[in-house]
Amino acid sequence: TIPNMDFYCSLASSGCRSVIMTAKAVGVELNKKVLNLSEGEQLKPEFVKLNPQHTIPTLVDNGFSIWESRAIAVYLAEKYCKDDTLFPKDPKKQALVNQRLYFDMGTLYDAFIKYYYPLFRTGKTGTPEDYKKIEAAFGFLDTFLEGQNYVAGDHLTVADIAIVATVSTFDAVEFDITKYANVNRWYQNAKLVTPGWDENWEGLQNFKKMIQERLANLKNN
Amino acid sequence: MMDLYYMLYSAPCRSILMTAEVLGLELNKKKVDLDAGDHLKSDFVKLNPQHTIPTLVDGKFVLWESRAILIYLAEKYDPDEKLYPKDAEDRAVVNQRLFFDLGTLYQSYVYYYYPQLFEVEKKPANPENLKRIDSAFDMFDTLLEGHQFAALDRLTLADVALLATVSTFEISEYNFVKFPNVVRWYENAKSVVPGWDENWAGCLYYKDLYLGDILK
């Protein structure tokens, strides 16, 4: 089938940015449909019909609706890649990619959520313990990247793309990545080799503004 | 035989035990007592630098993250697609439910219960976080509308992972009776997933060890 992909997204969202980069790497075009979450556009009945969880990103490929950015990334790679470099078929190589994807969701980006998202609810960041969890997560990633140029094997996979979306989000709020030498080395290379990097960085700027406004308010109050 | 570093009280470990039952796999089970700090001993950290359980060792290959392990076991040992389809679209739905399990449903357990149970200074229950659980169950209930299983029209890895998670909510006495699709799915899953008894034994063990202070 010829892909026909409606992509419901918001460019500030790291999940959306990772799918945009993955689509570029796979070589498929997305018809981007930006949803304004602060106006509740994701709660409109037409969208809830597509995704009862009404989250973004959501991809609709010829009527097949899928959400969760990392599930979308794997889907695009499995369905449309001519080879299996972005998402290996070999069970062991694939498992390593999957472990990194779950690490990204459950440990790395989770630490971002716990420390920075409260800024949007309460105007305050998370606790010092929450900040330590960010440092622990970067510590683990640094260990994974010892002697490695990519997070899961010897070449770019969907795991690198997901994690660069996350790490760039930390970068945008000026978390000091340089303290983690392996992560920093990997990140500087990722910026050069990840398809769609420029669009990712552009999409981040709006999110960066939102966070920095709240961090500034925190300092002044 | 593969080694599984685990503890029976841990939900993610239990999902692997049930999956191994379905696939007829034998696992060499090795306990890692987290309370005694076994996971921080150098031998284990050498194996898994993130020092988490479950950790699977298959020959020289070491893997952690329970849902990555579930998929690996299926990819390697489930050629008949008993638990994990080969079709990209079907597989994507199973994957989405696995990410829902980690990122939304089990996360809501962490937000509400972990500060009461596992922090150095235990905190009182936060009603805002109870709402988060209700919201996650409401979402699961919606996904289950008109379906017997969590992802496709048959049992998959998603059901097994979600069963371990939901049984942990049950033993913690979170009442989900107001979510009829979840209740229906849960009663069915308990009866069709092999290894349910061991999973429930793990839940009871979890209750004995940790839940005493918070249950009435």
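Nothing here was measured: the structure is a model prediction, and the numbers come from that model.

## Details of the overall build of chain B
Then comes step 1: From N to C terminus, chain B includes eight helices and four strands.
Then comes step 2: Along chain B, from the amino end to the carboxyl end, the secondary structure elements read β-α-β-α-β-β-α-α-α-α-α-α.
Then comes step 3: Computed over the C-alpha atoms, the radius of gyration of chain B is 17 Å, within 12% of the 17 Å expected from 2.2 N^0.38 for a compact globule of 216 residues.
Then comes step 4: Taking the principal axes of its C-alpha atoms as reference, chain B extends roughly 45 × 45 × 25 Å.
Then comes step 5: Among the 216 residues that make up chain B, the fraction classed as buried is 57%.
Then comes step 6: The long-range share in chain B, meaning contacts at least 24 apart out of those at least 6 apart in sequence, stands at 67%.
Then comes step 7: Measuring between centres, the 23 positive side-chain charges of chain B sit 3 Å from its 33 negative side-chain charges.

## Describing the packing of aromatic side chains
Then comes step 1: All told, the structure shown has 49 aromatic pairs over all chains when counted by the stated rule.
Then comes step 2: When the ring of A:Phe138 is compared with that of A:Phe175, the centres are 4.7 Å apart and the planes differ by 40°; the resulting orientation is tilted. Of this pair, A:Phe138 sits in helix α6 (residues 128–144) while A:Phe175 sits in the loop between α7 (158–172) and α8 (181–193); the two residues are 37 residues apart in sequence, bridging distant segments of the chain. No difference in accessibility class separates A:Phe138 from A:Phe175, as the two residues are buried.
Then comes step 3: Ring geometry for B:Tyr9 against B:Tyr210: centres 5.2 Å apart, planes inclined by 85°, an arrangement best described as edge-to-face.

## Here's the deal with the interface of chain A and chain B
Then comes step 1: Every contact between the two is made by 35 residues of chain A and, on the other side, 35 residues of chain B.
Then comes step 2: When the two sides are added together, the surface that chain A and chain B hide from each other amounts to roughly 3,000 Å², 68% of it contributed by carbon and sulfur.
Then comes step 3: Looking at the side of chain A facing chain B, the largest losses of area belong to A:Gln53, A:Lys92 and A:Tyr102, adding up to 23% of the total buried there.
Then comes step 4: On inspection of chain A and its partner chain B, the count reaches two salt bridges.
Then comes step 5: Inspection of the chain A/chain B interface yields five residue pairs in polar contact (both at pLDDT 80 or more).
Then comes step 6: Secondary structure elements with two or more residues in the side of chain A that touches chain B: β4 (64–67), α3 (69–80), α4 (91–116) and α6 of chain A.

## Some remarks on the side chain of B:Arg67
Then comes step 1: When you line up the elements, B:Arg67 lands in helix α3 (residues 66–77).
Then comes step 2: With relative accessibility at 7%, the residue B:Arg67 sits in the buried group.

## Some remarks on the sheet that holds strand β2 (residues 27–31) of chain B
Then comes step 1: The strand order β2-β1-β3-β4 (chain B) describes an open sheet built from four strands, whose pairing is mixed. Either end of the sheet is taken by a strand with one partner, and the two such strands are β2 and β4 (61–64) of chain B. Between one strand axis and the next, the sheet turns through 20° on average, direction left out of account.
Then comes step 2: For strand β3 (residues 55–58) of chain B and β4(B), the ladder comprises four bridges, and the chain directions are antiparallel. The residue bridging B:Thr55 from the neighbouring strand is B:Trp64, located in β4(B).
Then comes step 3: Strand contacts of α4(A): β3 and β4 of chain B, with the helix running at about 30° to β4(B), the strand carrying the most contacts.

## Quick word on the confidence of the model for chain B
Then comes step 1: With 100% of its residues at a pLDDT of 70 or more, chain B shows a mean pLDDT of 97.
Then comes step 2: Of the two predicted TM-score estimates for the complex, the pTM is 0.97 and the ipTM is 0.97.

## Remarks on the sheet that holds strand β3 (residues 58–61) of chain A
Residue and element names in this part refer to chain A.
Then comes step 1: Ordered by their spatial adjacency, four strands build an open sheet running β2-β1-β3-β4, and the pairing between neighbours is mixed. Of all the strands in the sheet, the pair left with one neighbour each is β2 (30–34) and β4. Here the strands of the sheet are splayed against their neighbours by 20° on average, with no regard to which way each runs.
Then comes step 2: Pairing of strand β1 (residues 5–9) with β3 involves four bridges; the strand directions are antiparallel. Bridge pairing links Tyr8 to Thr58 in β3.
Then comes step 3: Seen against the sheet, helix α1 (residues 14–26) touches β1 and β2 and runs at an angle of roughly 155° to β1.

## Some thoughts on the nonpolar core
One broad trend across soluble globular proteins is that nonpolar side chains are buried collectively.
Then comes step 1: A:Leu76 and B:Trp185 are the most contacted members of the largest nonpolar core, which totals 161 residues.
Then comes step 2: It is helix α4 (residues 88–117) of chain B that provides the largest number of residues to this core, a total of 15 residues.
Then comes step 3: Apart from the residues lying within four places of it in its own chain, the contact partners of A:Leu76 are A:Met5, A:Val19, A:Ala23, A:Val26, A:Val28, A:Leu59 and A:Cys81.

## Side note on the pattern of salt bridges
Then comes step 1: Summed over all chains, the structure comprises 20 salt bridges over all chains.
Then comes step 2: Taking the shortest distance from any N to any O, the salt bridge between B:Glu89 and A:Lys79 comes out at 3.3 Å. With B:Glu89 in helix α4 and A:Lys79 in helix α3, this residue pair bridges two chains.
Then comes step 3: For B:Glu89, a relative accessible area of 26% corresponds to the partly exposed category.
Then comes step 4: Connected via shared salt-bridge partners are A:Lys24, A:Lys32 and A:Glu199.

Rules and cut-offs
Residues numbered from 1 in each chain as written. Chains lettered and ligands numbered in written order. Predicted model: local features only at pLDDT ≥ 70, side-chain atom pairs only at ≥ 80, totals over all residues. Heavy atoms only, no water. Helix = DSSP H or I, 4+ residues; strand = E, 2+ residues; numbered from the N terminus. Rg over C-alpha atoms; globule rule 2.2 N^0.38 Å. Buried < 20%, exposed > 50% of the residue type's maximum accessible area, 1.4 Å probe, protein only. Contact = heavy atoms within 4.5 Å. Lys, Arg positive; Asp, Glu negative; His and termini not counted. Charge placed at Lys NZ, Arg CZ, Asp CG, Glu CD. Phe/Tyr/Trp six-rings, centres within 6.5 Å; stacked < 30°, edge-to-face > 60°. Buried area = accessible area lost by both parts, 1.4 Å probe. Salt bridge = Lys/Arg side-chain N within 4 Å of Asp/Glu carboxyl O. Polar contact = N/O pair within 3.5 Å; in protein donor to acceptor, adjacent residues only side chain to side chain. Pairing = 2+ DSSP bridges. Axes fitted to C-alpha atoms, helices over the stretch in contact; angles between N-to-C directions. pLDDT = per-residue confidence, 0-100. Core = buried A, V, L, I, M, F, W, Y, C linked by side-chain atoms within 4.5 Å.

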